[in-house]
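Below, each chain spelled out in residue letters.
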Amino acid sequence: MSLHSVCTRFHTALELIGARWSGALLHMIFKGTHRYAELKAAIPGVNDTMLARRLRELEAAGLIERRVLDTSPVRVEYHLTEMGEELRPVLDELVVWAHKWIPLPEDEAEAS
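Note that the structure is a prediction, hence the values are computed from the model and not measured.

Reading the values: the criteria
- Residues numbered from 1 in each chain as written.
- Predicted model: local features only at pLDDT ≥ 70, side-chain atom pairs only at ≥ 80, totals over all residues.
- Heavy atoms only, no water.
- Axes fitted to C-alpha atoms, helices over the stretch in contact; angles between N-to-C directions.
- Helix = DSSP H or I, 4+ residues; strand = E, 2+ residues; numbered from the N terminus.
- Parallel < 35°, antiparallel > 145°, perpendicular 65-115°, else oblique.
- Contact = heavy atoms within 4.5 Å.
- Nonpolar A, V, L, I, M, F, W, Y, C, P; charged D, E, K, R; others polar.
- Expected span 1.5 Å × (residues − 1).
- Buried < 20%, exposed > 50% of the residue type's maximum accessible area, 1.4 Å probe, protein only.
- Arc of directions from axis to C-beta.
- Core = buried A, V, L, I, M, F, W, Y, C linked by side-chain atoms within 4.5 Å.

A. Representation of the packing of helix α2 (residues 22–30) against helix α4 (residues 48–60) in the model. Remark: α2 packs on α4, axes separated minimally by 10 Å, with the N-to-C direction vectors making an angle of 75 degrees. The orientation of α2 with respect to α4, classified from their angle, is roughly perpendicular. Between α2, through S22, L25 and L26, and α4, the contact on the second element is made entirely by L51, R54, L55 and L58. Considered class by class, the residues forming the contact of α2 with α4 number five nonpolar, one polar and one charged.

Okay, here's the thing in structure tokens:
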């Protein structure tokens, strides 16, 4: 395996999960939030356009699947695929790292 192929795969993976809102979406789906409105309410600052775009991108990449439930009214939920589920320990470790090394912005630190 060449160094180039490792770097290309790593870069692609990092761009996918590091895109704005993608990590937050995956994190919320890991926690059991599956409906569009729930995801939007749980992620401060995300607008409808970006939420829909990121959900489509994560679905196209094979990390989540969109399920249309046969209810009245029709419900749509987003769930992790096997591939997406395998990211859980990676993102859990990122959370641990962030809590250790990334300071809160001043206004949030004062509210804590």
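Still more ground to cover, so stick around.
B. Structural detail: α4. Over its 13 residues, α4 runs 18 Å from end to end, which matches the ideal 18 Å to within 8%, given 1.5 Å per residue. All of the buried residues in α4 are M50, L51, R54, L55 and L58. With its buried residues spanning 130 degrees around the axis, α4 presents them on a single face. Turned more than 90 degrees away from the buried face of α4 sit T49, R56 and A60, all of them exposed. Just downstream of α4 lies G62, where phi reads positive at about 90 degrees.

C. Summary view of the nonpolar core. The biggest cluster of nonpolar side chains holds 20 residues, and the ones touching the most others in it are L25, L26, L39, L55 and I64. Among the secondary structure elements, those contributing two or more residues to this core are α2, α4 and β2 (75–80). Broken down by element, the residue count for this core peaks at five residues, all from α2.

D. A look at the environment of E86. Checked against the element boundaries, E86 lands in the loop between α5 (82–85) and α6 (88–101). With a relative accessible area of 56%, E86 lands in the exposed category. Separated by 57 residues in the primary sequence, E86 and I29 place their C-alpha atoms 13 Å from one another.

E. Structural context of unusual backbone geometry. Cis geometry marks the peptide bond from S72 to P73, where omega comes out at -5 degrees. Tracing the chain through its elements places P73 in the loop between β1 (64–69) and β2. For W21, which is not glycine, the phi torsion reads 85 degrees and is therefore positive. Assignment of secondary structure puts W21 in the loop between α1 (3–18) and α2. In this structure W21 comes out as buried when scored by relative accessible area, which is 15%.

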